[in-house]
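Commentary on secondary and tertiary structure
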Amino acid sequence: MKNFVVKTIANAAALAVAIWLLKGITLAGETTAAKAITLLVVALLFGLVNFLVKPVVKLLSFPLFILTLGLITLVINALMLLLTSWLAGKFDLAFHVGGFGPALVGGVIISIVAWAMHVILPDDKD
């Protein structure tokens, strides 16, 4: 359970940095509290997408992984962010990614920040 909370906090922080740095990724809300709640729900949704969908996509794209020496992972991360944006729209969450370009750069930012947060935050292995 603690690991789940740590991953959600790391995802939320990574998404917040991407929203802050990129104009193509937006999070709307009337109050700061509403934005924070939306961010946490989107972080949960992003974690769910990464847990359920990403392994299947990575398995199916394994030949491309070898052919591109792993660079296809950047595209997969962008697609997972776009899928999260689409699902957020279906759940009436005020989170939007404005195309593949912002998703690609946002995926890189989210990967770096999430990795840094996992280094900083404790998990069950400590």
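So, how was this worked out
Residues numbered from 1 in each chain as written. Predicted model: local features only at pLDDT ≥ 70, side-chain atom pairs only at ≥ 80, totals over all residues. Heavy atoms only, no water. UniProt positions renumbered as here; feature names shortened; annotations may be inferred. Helix = DSSP H or I, 4+ residues; strand = E, 2+ residues; numbered from the N terminus. Patch = residues over 30% accessible without salt bridge, like charges linked within 9 Å, V, L, I, M, F, W, Y side chains within 5 Å. Areas by Shrake-Rupley, 256 points an atom, 1.4 Å probe, with all protein chains shown as cover. Salt bridge = Lys/Arg side-chain N within 4 Å of Asp/Glu carboxyl O. Contact = heavy atoms within 4.5 Å. Core = buried A, V, L, I, M, F, W, Y, C linked by side-chain atoms within 4.5 Å. Buried < 20%, exposed > 50% of the residue type's maximum accessible area, 1.4 Å probe, protein only. Axes fitted to C-alpha atoms, helices over the stretch in contact; angles between N-to-C directions. Parallel < 35°, antiparallel > 145°, perpendicular 65-115°, else oblique. Left-handed = near helix turned anticlockwise from the far one by under 90°. Nonpolar A, V, L, I, M, F, W, Y, C, P; charged D, E, K, R; others polar. Phe/Tyr/Trp six-rings, centres within 6.5 Å; stacked < 30°, edge-to-face > 60°.

Identification of the protein chain as Phage holin family protein from Streptomyces mobaraensis is taken from an unreviewed UniProt entry.

1. Points about the UniProt feature "transmembrane region" (unreviewed entry) in the protein chain
Under the local residue numbering, the UniProt record ascribes the feature "transmembrane region" (unreviewed entry) to residues 38–57, 64–88 and 100–121. Structurally, residues 38–57 is divided into 95% helix and 0% strand, and its ends, taken at the C-alpha atoms, are 26 Å apart. Counting secondary structure, residues 64–88 comes out at 84% helix and 0% strand; the distance between its end C-alpha atoms is 28 Å.

2. Regarding a nonpolar patch on the surface
On the surface, a cluster of nonpolar side chains totalling about 340 Å² of accessible area is made up of Phe 4, Val 5, Ile 9 and Leu 44. Here the nonpolar patch takes 3 residues from helix H1 (residues 2–21), the largest share from any one element. Mapped onto the secondary structure, Phe 4 falls in helix H1.

3. Structural notes on the side chain of Asn 77
Positionally, Asn 77 belongs in helix H5 (residues 72–90). Setting aside its immediate chain neighbours within four residues, Asn 77 contacts Lys 54, Gly 107 and Ser 111.

4. Describing the nonpolar core
Proteins that are soluble and globular tend to have nonpolar side chains buried together. Within the largest apolar cluster, 26 residues are counted, with the highest numbers of intra-cluster contacts made by Leu 15, Ile 25, Leu 81, Phe 95 and Ile 110. Setting aside anything within four residues of it in sequence, one finds Phe 95 in contact with Leu 15, Ile 19, Ile 25, Thr 26, Leu 27, Val 42, Leu 81, Thr 84, Ser 85 and Ala 88.

5. Things to note about the packing of H1 against helix H6 (residues 100–120)
Relative to each other, H1 and H6 sit at 140 degrees, their axes nearing to 8 Å. Between H1 and H6, the interaxial angle falls into the category oblique. For the pair H1 and H6, the crossing hand works out as right-handed. Of H6, the residues touching H1 (which contributes Val 6, Lys 7, Ala 10, Ala 13, Ala 14, Leu 15, Val 17, Ala 18 and Leu 21) are Gly 106, Ile 109, Ile 110, Val 113, Ala 114, Met 117 and His 118. Taken together, the residues that form the contact of H1 with H6 break down as 13 nonpolar, 2 polar and 1 charged.

6. Considering the packing of aromatic side chains
The final tally for this structure, using the stated rule, is 1 aromatic pair. With 6.4 Å between their ring centres and 15 degrees between their planes, Phe 62 and Phe 65 make a pair best called stacked. Taken as a pair, Phe 62 and Phe 65 lie in helix H4 (residues 62–67) at a separation of 3 residues, close to a single helical turn. Judged by relative accessible area, which is 46%, Phe 62 ranks as partly exposed.

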